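Residue-level structural notes
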Amino acid sequence: MSALKGYSDARALTLDHCIEPDWPAPSCVKSIVTTRIGGVSRVPFRSMNLGGHVGDLADNVRINRERLAQLCDLESSHIHWLNQVHGTDVVDVDAAFVRENSTSPISADGSTTMLERQACVVMTADCLPVLLCDESGERVAAVHAGWRGLASGVLTKAVSRFSDPSKVMAYLGPAISQTHFEVGEEVREQFVQLNEMNEEAFVASGTKGKFYADLCDLAYFALMDLGVSQVYGGDFCTYAEKERFFSFRRDGEHSGRMASMIYIDRAESNY
């Protein structure tokens, strides 16, 4: 996939508006990360806002979600949006889930599936999206990993759904970088108590009792501790790249949301 070719909105969402994860996932595993470009939402949600809970017009969100489905050649109902609550629940998108939750999003912060062409997706605007798959392409997962979820073990829940963590690979999507993510001493203490290695993810900010936290490092340490050594990504800062990404910490409650999505498709590539 080519890099973004500018910031003007388009009549339809294209691959040039999105990011394709750079990782050695099996060919049957499809993944994509949206940016804020390529949708129909107006300021302050310009333009590819996918969050229906941030104050944007419902019709705009619906059209933007349909554009994503069309880009990936998926039915809109096969993209399983979640009501994210900064918790640790990871739902199985199995046949029963598809039948019972096709219209109403369930409250959870991750999903996993072994079904073909049923997409796991999480929305973010500073929190870290983590995409997971195994080497055989039998299972995929998408995880919303803010600091609360990371501290509470959301990655542990997600990785536990895979039979062999050593054969799992992870992609860390766009998130707020350490330079812009100041937290209190209590947050640092939570992570250090979990794993002494986590201390490396914090540096003093210059304000008493405050530290800059690296979400990608915290996720990396957690994944390594779980036996997942194949970790990729972590290259984009949502806060710093205003024209490309939404950022809640930068823009406040009127920030839109991007999507990080993964699914299995053993047919010929539909991109």
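Our subject is the structure that appears above.
Let me begin by describing the structure that accompanies this report. (Residues numbered from 1 in each chain as written. Predicted model: local features only at pLDDT ≥ 70, side-chain atom pairs only at ≥ 80, totals over all residues. Heavy atoms only, no water.)

Before going further, it helps to examine the packing of aromatic side chains. The full count for this structure, using the stated rule, is 4 aromatic pairs. Ring plane angle 50° and centroid distance 6.0 Å describe the contact between W23 and Y171, whose orientation is recorded as tilted. Here W23 is found in the segment before β1 (29–33), whereas its partner Y171 is found in strand β8 (residues 168–172), with 148 residues between them in sequence. Exposure class is identical for W23 and Y171. Each is buried. The side chain of R65 reaches across the aromatic face of W81, ending 4.0 Å from its centre. Lying over the aromatic face of F211, R188 brings its terminal NZ or CZ to 5.0 Å of the ring centre. (Phe/Tyr/Trp six-rings, centres within 6.5 Å; stacked < 30°, edge-to-face > 60°. Helix = DSSP H or I, 4+ residues; strand = E, 2+ residues; numbered from the N terminus. Buried < 20%, exposed > 50% of the residue type's maximum accessible area, 1.4 Å probe, protein only. Lys NZ or Arg CZ within 6 Å of the ring centre and 35° of its normal.)

What follows is about the sheet that holds strand β6 (residues 128–134). Strands sit in the order β3-β4-β7-β6-β8-β12 across an open sheet of 6 strands; the sheet is mixed. Strand pairing shows two members of the sheet lacking a second neighbour, β3 (90–92) and β12 (230–233), which therefore form its edges. On average, each strand axis in the sheet is inclined to that of its neighbour by 20°, with strand direction left out of account. (Pairing = 2+ DSSP bridges. Axes fitted to C-alpha atoms, helices over the stretch in contact; angles between N-to-C directions.)

Of all hydrophobic cores here, the largest spans 36 residues; its most connected members are L128, V130, L132, F202 and L223. When contributions to this core are tallied by element, the ones reaching two or more residues are β6, β7 (140–145), α3 (147–152), α4 (154–159), β8, α5 (185–194), β11 (210–213) and α6 (215–225). Here this core gets 6 residues from one element, more than from any other, and that element is α6. Dropping the residues within four chain positions of it, V130 is found in contact with A141, A142, V143, A145, L155, A170, Y171 and L172. In terms of nonpolar packing, the next biggest core, distinct from the first, is built from 25 residues, C28, A108, V122 and F246 among them. (Core = buried A, V, L, I, M, F, W, Y, C linked by side-chain atoms within 4.5 Å. Contact = heavy atoms within 4.5 Å.)

Attention now moves to the layout of surface pockets. Looking at the largest pocket, its volume works out to about 980 Å³. Surrounding the largest pocket, 41 residues form its lining, H53, L82, Q84, M123 and R257 being those nearest its centre. For the lining of the largest pocket, the secondary-structure elements that each account for two or more residues are α1 (58–71), β2 (79–80), β5 (119–124), α3, β9 (182–184) and α7 (248–251). It is α1 that provides the largest number of residues to the lining of the largest pocket, a total of 5 residues. (1 Å grid on protein atoms, 1.4 Å probe; cavity = no way out; pocket = protein on both sides within 12 Å on 5 of 7 lines; lining within 4 Å. Points joined across faces, edges and corners; volume = space filled by probe spheres on them.)

Attention now moves to the environment of S41. As for its placement among the helices and strands, S41 is situated in the loop between β1 and α1. Accessibility expressed as a relative area gives 3% for S41, which makes it buried. Sequence spacing of S41 and V61 is 20 residues, and the spatial spacing of their C-alpha atoms is 7.3 Å. At 3.1 Å, the side chain of S41 and the side chain of N64 are in polar contact. (Polar contact = N/O pair within 3.5 Å; in protein donor to acceptor, adjacent residues only side chain to side chain.)

Another aspect to go through is the environment of G52. Position of G52 among the secondary structure elements: in the loop between β1 and α1. In sequence terms G52 and V91 are 39 residues apart; their C-alpha atoms lie 20 Å from each other. When sequence neighbours within four positions are dropped, the list of residues in contact with G52 reads V61 and R65.

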